[in-house]
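Notes for the structure review
Single-letter residue listing:
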Amino acid sequence: MTNIGIVILNYLSYDVTIKCVDYFKKQNKDNVNVKIIVVDNCSPNESYSKLFSKFKDDDIVTLVKTPKNLGFANGNNYGYKELLNFMDPDFVIMSNSDAYVKDPGLYEWINDSYKKYKFGILGPAIYSVRGKFYQSPIPNFTKNFSEIKKYKIHLQLSVFKAYIKSKLNLKENNEFSVDRWDNPFFKQMHSDMTLHGAFEIFSKDYLVKYKLPYDMHTFMYMEEYILRLRCEKINLPMIYSPEYKTYHLQAVSTNKSAKSESQRVLFKRKNMLRSLDAYVKFLKNNL
């Protein structure tokens, strides 16, 4: 029997989260013991009460609420610690609440992939429903400190520009763009690239090396790049496998929390700056 834990982080979008859980529950559970932890990241709306009503009598799903908004990394870490109260997981799936596992065979794919690759972290093909492109895998972030410094200056300028635009945007704009990039890599398996963070599977091999799945020094963004460094440090492969496909609505919670496109961009750039510092810190401490 394989123990598989699932952590789903909710912020504002309880309706999307409920659908996410429903898709997991439709997966074949033969020879698999599944536990789902839904973490409400202190949503300032009716999310917790709606989710509580839905899952209060569910044996597979446990709902918890953080004391404050912990962001992506620590919100998921919070859910992982709760999961350990219920099982000693062989694998832990960290899924965005707007990532849907519509295709059958998820757990079989995980087990088969581990037998084949002995991965630290595994990721599927992630299709952005709104952007109409595949998000994973992504190129590795630079380890060159000169290039990182230039990128930091670029981010600082972007923050300033986004701040000015947000102040000048007197009329609320509910039209949000979708971040999109070229990805010619999604059709083949890769062990030398970075996984997109919307859906990742951590093996026990990784989890016995690190107390928590994610570095606790980020709030949002760039977590994937730090995971790449973590896997390299302990010599465990980060595997992208297109043999399974998930469907990602993309940026549902972020768009609900922002009042305008300029505020969305400002939020992202500010947090990327913070996460860049965490990336540099890990890189310096582990060269």
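Going by the structure above, here's the rest.
In this text the structure is predicted, and so the values were computed from the model without any measurement. (Residues numbered from 1 in each chain as written. Predicted model: local features only at pLDDT ≥ 70, side-chain atom pairs only at ≥ 80, totals over all residues. Heavy atoms only, no water.)

Of all the five residues making up strand 3 (residues 61-65), four are buried; the element is thus mostly covered by neighbouring parts of the structure. In this structure, strand 2 (residues 32-40) lies alongside strand 3, joined through five bridges in parallel fashion. Paired with Ile37 across the two strands is Thr62, which belongs to strand 3. Regarding topology, helix 2 (residues 47-55) serves as the crossover connection from strand 2 to the parallel strand 3, and that connection is right-handed. (Buried < 20%, exposed > 50% of the residue type's maximum accessible area, 1.4 Å probe, protein only. Helix = DSSP H or I, 4+ residues; strand = E, 2+ residues; numbered from the N terminus. Pairing = 2+ DSSP bridges. Right-handed = clockwise from strand over helix to strand, strands pointing away.)

Glancing now at helix 1 (residues 14-25). For helix 1, spanning twelve residues, the distance from its first C-alpha to its last is 17 Å, which sits close to the expected 16 Å at 1.5 Å a residue. Among the residues of helix 1, Val16, Thr17, Ile18, Cys20, Val21 and Phe24 are the ones counted as buried. (Expected span 1.5 Å × (residues − 1).)

Glancing now at unusual backbone geometry. With omega at 0 degrees, the peptide bond leading from Ser136 into Pro137 counts as cis. With respect to the secondary-structure elements, Pro137 resides in the loop between strand 7 (133-134) and helix 5 (145-168). Backbone geometry places Lys118, a non-glycine residue, at a positive phi of 50 degrees. In this fold, Lys118 is placed in the loop between helix 4 (106-117) and strand 6 (121-128). Of note in the backbone geometry, Tyr221 takes a positive phi value of approximately 80 degrees without being a glycine. Mapped onto the fold, Tyr221 is located in the loop between helix 6 (204-207) and helix 7 (223-233).

As enumerated under the stated definition, the model contains nine salt bridges in all. The partner of Lys116 in a salt bridge is Glu243, and the shortest N-O contact between them spans 3.5 Å. Here Lys116 is found in helix 4, whereas its partner Glu243 is found in strand 9 (residues 238-248), with 127 residues between them in sequence. As a salt-bridge pair, Glu232 and Lys143 come within 2.7 Å of each other at their nearest N and O atoms. With a gap of 89 residues between them, Glu232 in helix 7 and Lys143 in the loop between strand 7 and helix 5 connect regions that are remote in the sequence. The exposure class assigned to Lys143 is partly exposed, which follows from its relative accessible area of 44%. Several salt bridges converge on common partners, so that one network encompasses Asp88, Asp90 and Lys204. (Salt bridge = Lys/Arg side-chain N within 4 Å of Asp/Glu carboxyl O.)

Take the environment of Ala99 next. When you line up the elements, Ala99 lands in strand 5 (residues 99-100). Assessed through its relative accessible area of 1%, Ala99 is described here as buried. For Ala99 and Ser158, which are 59 residues apart along the polypeptide, the C-alpha to C-alpha distance reads 29 Å.

Before going further, it helps to examine the nonpolar core. In this structure, Ile121, Phe202, Tyr206 and Tyr279 are the most contacted members of the largest nonpolar core, which totals 49 residues. Among the elements that line this core, the one with the most residues is helix 9 (residues 261-285), at nine residues. Among residues more than four places away in sequence, those in contact with Phe202 are Asp90, Phe91, Val92, Met94, Gly120, Ile121, Leu207, Pro213, Tyr214 and Leu227. (Core = buried A, V, L, I, M, F, W, Y, C linked by side-chain atoms within 4.5 Å. Contact = heavy atoms within 4.5 Å.)

Time to look at the packing of aromatic side chains. Here the structure, examined in full by the defined rule, presents 18 aromatic pairs. Ring plane angle 70 degrees and centroid distance 6.4 Å describe the contact between Tyr221 and Phe267, whose orientation is recorded as edge-to-face. Remark: Phe267 occurs in helix 9 and Tyr221 occurs in the loop between helix 6 and helix 7; sequence separation between them is 46 residues. One cation-aromatic arrangement involves Lys118 over Tyr114; the distance from NZ or CZ to the ring centre is 5.3 Å. (Phe/Tyr/Trp six-rings, centres within 6.5 Å; stacked < 30°, edge-to-face > 60°. Lys NZ or Arg CZ within 6 Å of the ring centre and 35° of its normal.)

Let's shift gears to the side chain of Thr142. Tracing the backbone through its elements, the reader meets Thr142 in the loop between strand 7 and helix 5. Residue Thr142 is classed as buried on the basis of its relative accessible area of 19%. Within polar-contact distance, the side chain of Thr142 engages the backbone nitrogen of Asn144 at 3.0 Å. In this structure the side chain of Thr142 is engaged in a polar contact, spanning 2.6 Å, whose partner is the side chain of Glu147. The residues contacting Thr142, other than those within four sequence positions of it, are Glu147, Ile148 and Tyr279. (Polar contact = N/O pair within 3.5 Å; in protein donor to acceptor, adjacent residues only side chain to side chain.)

Time to look at the packing of helix 5 against helix 9. The interhelical angle for the contact between helix 5 and helix 9, taken along N-to-C directions, is 160 degrees, at an axis separation of 8 Å. Judged by the inter-axis angle, helix 5 sits roughly antiparallel to helix 9. The handedness of the crossing between helix 5 and helix 9 is left-handed. Here the contact of helix 5 with helix 9 is built from residues that sort into 15 nonpolar, five polar and six charged. (Axes fitted to C-alpha atoms, helices over the stretch in contact; angles between N-to-C directions. Parallel < 35°, antiparallel > 145°, perpendicular 65-115°, else oblique. Left-handed = near helix turned anticlockwise from the far one by under 90°. Nonpolar A, V, L, I, M, F, W, Y, C, P; charged D, E, K, R; others polar.)

Moving on: the pairing of strand 6. In terms of burial, strand 6 is largely enclosed, as seven of its eight residues are buried. Here two bridges tie strand 6 to strand 8 (residues 199-203), and the two strands are oriented antiparallel to one another. When the sheet's bridge partners are listed, Ile121 is paired in strand 8 with Phe202. Two elements, strand 6 and strand 9, share seven bridges in a ladder whose sense is parallel. By the bridge assignment for strand 9, Ala125 is matched with Lys245. With two bridges joining them, strand 6 and strand 7 adopt antiparallel strand pairing. Bridge pairing links Ser128 to Phe133 in strand 7. Joining the antiparallel neighbours strand 6 and strand 7 is a turn of four residues, in which Lys132 adopts a positive phi near 55 degrees.

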